[in-house]
Structures are given as C-alpha cells and as structure tokens.
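Secondary and tertiary structure notes
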Amino acid sequence: MIKELLDVVSEIPTPDALIQQIISTASNPNTSAKELERVISMDVGLSTKILKLVNSAYYGLPRKITKLSEAIVIVGFKTVRNLALSIFTYSALHSKATFIDHDKLWSHFMLTSIFAEQVAKNIGFMNREEVFLAGLMHDVGKLAIDLIFPTYILELSKASKELRIPLFKIEYELDIESHTEIGAELLRIWKFPQEYIDVAYLHQKPSLNPDSPFIEMCCIVHLANLYSNIFLPGSSLSYGNYYLDPVIFQILGIKPSSLQLFYNDFERVYERSKDLIF
C-alpha cells in the first residue's frame, strides 16, 4: 500500500535538479574540479554548508579550507557528492514536523554512514565513498513512512521500545510492508543505482539475498547499522537486542573476535565525528 503512494504524494521530497546535477557531475570520471565547483556554486547556501562539513574534525584536515575548489581537490569528488546528499537528506528529514525526533534519526543516518566507511577501510573494501552514501540512505524507508503516515511509524517505534524487539522484526511478525521494502522502492523512484537499492532492502538481513552482486556492501552497512544502534540506542526508532546476521563473517572475511576490535575503533571514530553527527 505505502509503496504505491511513494511517487504520487507530495510529502516526499525528491532530490532537486541541482542535487541531481551534482550527483551526475561528481560521478562522471571525465569531470574536472572546476566543473564540479561551477555546479555546486549555483547554490551559495549549499557551498557554505559543504565547506563547513569539510572542515569538521572527522576529516582531520591540517588547516581550514575556505574555497570550494580546494575542498573538492582535497576530499575528492565523491565525498563532496556525499556531503551534498547528506544536506538534502537532512532537509528532507526536517521538511515536516511529525511525532518523532528527526535530529536523532539524522544522527543514526550519519553515524551509520561514518561507521560503514570505517568498516570498508578496515577490511580493504575499495569503494569507501559508495559505502558512505549507502549508509546514509539505508533507512530512508523510515523517512518515507514518517512523512506519509507519521502515527504509523510512531506506533511501530513504541511497540519496539515496549516489547524490546527490533522494529524490523515487528514488521516481519505483522507481515506488513517493511521500511526496507519502502526504502528500496523510494530509491528506485529517485533513480539511484542498484547497489543503494539493494542496501536499503537488505541492510537488516543480508542473508535474504546472499547472491546479490552488492552483498559485500550490504554486509558492511548491516554491521555499521548494528554499531550505530549500540552507540545511539533508540535513534533509529528501533530497540531491543539488535540482530547480527552470521553471513557477514563469511562475506566480509572477519571473525567473531573482530567485533570487539571494531568497537574499539568505532569509539575513536565516534569521538572524532560528533560535529558531523549532531
């Protein structure tokens, strides 16, 4: 039912023409830094926000960056693209006042993307910028549900908190459209590449489709999502004992003993990332 409404209701923001142009320009291997700067500079507010994010402690740059052209060269085209999309996502989350805490949900989005990038770095996964973006968009289905049926997602979250059962398991038990299905459909409507659609659909349980060509990225975001829930309990609107899909050990080539090492690493990353997350 909800999936059918996604492309007709006005409550769902869509990436505007400028954001789409930034994505297209930054993803084109033949684009120059000057071309990307020209596109972003069409929105002064966006340029200012990107510079603010680039200068956050997370990126650890040795000096303050004051020019967009410098930011593009230093952090890279795809990182700038990700920052532009994070600004859009933040705006989408705050486009309508509902019953949930959008700042907390935003923090979950951002921390998951940051942790996903760190997992990718730790295991030697090459496309770290793509993993960051996949982490940022993984729970976009919750945003869609909140904007269309705000009381519905509120009641799901309440049930999760009272029963101490993760939200996705409640969706499964009730046999209702899940936020993962809805998120995947929304990204399809927004014409995102298939890897992001797969992550949105599989991030809670990658073993639902272990043959996905993007299963490694799905497992990375699954693990990052779990740790994000540990560091910011309840921010994702989900509570209870978080599920760790055993398939990640085989796919990512890690051992259960690695989980504590990841946690230790994430503690350091979390402290460094607070000005991006909150």
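Structure first, text after, so check above.
This write-up is about the structure you can find in this document. (Residues numbered from 1 in each chain as written. Predicted model: local features only at pLDDT ≥ 70, side-chain atom pairs only at ≥ 80, totals over all residues. Heavy atoms only, no water.)

1. A closer look at the nonpolar core
- Ile50, Ile114, Phe115, Leu187 and Trp190 are the most contacted members of the largest nonpolar core, which totals 92 residues.
- Ranked by the residues each element gives to this core, the list is headed by helix 14 (residues 215–231), at 11 residues.
- Setting aside anything within four residues of it in sequence, one finds Phe115 in contact with Ala224, Tyr227, Ser228, Phe231, Phe266, Val269 and Tyr270. (Core = buried A, V, L, I, M, F, W, Y, C linked by side-chain atoms within 4.5 Å. Buried < 20%, exposed > 50% of the residue type's maximum accessible area, 1.4 Å probe, protein only. Helix = DSSP H or I, 4+ residues; strand = E, 2+ residues; numbered from the N terminus. Contact = heavy atoms within 4.5 Å.)

2. Quick notes on the state of the cysteines
- Per the stated rule, a full pass over the model turns up zero disulfides.
- The thiol of Cys218 is not disulfide-bonded; the next cysteine sulfur, from Cys219, is found 6.9 Å away.
- The exposure class assigned to Cys218 is buried, which follows from its relative accessible area of 0%. (Disulfide = S-S within 2.5 Å.)

3. Re unusual backbone geometry
- Positioned with a positive phi, Arg164 is a non-glycine residue whose angle comes to about 60°.
- For Lys191, which is not glycine, the phi dihedral falls at a positive 65°.
- For Lys191, the location among the structural elements is in the loop between helix 12 (179–189) and helix 13 (194–202).
- Relative accessible area serves as the criterion here: at 73%, Lys191 is assigned to the exposed category.

4. What about helix 4 (residues 44–54)?
- Every buried residue of helix 4 is listed here: Leu46, Ser47, Ile50, Leu51, Leu53 and Val54. Looking down the long axis of helix 4, one finds its buried residues gathered within 160° of arc, a one-sided arrangement. Away from its buried face, by an angle of more than 90 degrees, helix 4 presents the exposed residues Val44 and Lys52.
- At the N-terminal end of helix 4, a side-chain oxygen is found 3.0 Å from the backbone nitrogen of Gly45, two or three residues along, and the residue is Asp43. (Arc of directions from axis to C-beta. Polar contact = N/O pair within 3.5 Å; in protein donor to acceptor, adjacent residues only side chain to side chain.)

5. Observations concerning the environment of Pro210
- Locating Pro210 in the fold gives a position in the loop between helix 13 and helix 14.
- When the C-alpha atoms of Pro210 and Ile251 are compared, they prove to be 8.8 Å apart, with 41 residues separating the residues in sequence.

6. Description of the packing of aromatic side chains
- Enumeration over the complete set of coordinates arrives at 13 aromatic pairs.
- Centroid distance Tyr90 to Trp106: 5.2 Å. Interplanar angle 80°. Geometry classified as edge-to-face. Of this pair, Tyr90 sits in helix 6 (residues 77–93) while Trp106 sits in helix 7 (residues 102–123), and the two are 16 residues apart along the sequence.
- Ring centres 4.2 Å apart and planes at 20° place the aromatic pair Phe115 and Phe266 in the stacked group. Of the two residues, Phe115 is situated in helix 7 and Phe266 in helix 16 (residues 258–277); the sequence distance between them amounts to 151 residues. The same class applies to Phe115 as to Phe266, namely buried.
- Put simply, the rings of Phe115, Tyr227, Phe231, Phe262, Tyr263, Phe266, Tyr270 and Phe278 pair up and form one aromatic cluster. (Phe/Tyr/Trp six-rings, centres within 6.5 Å; stacked < 30°, edge-to-face > 60°.)

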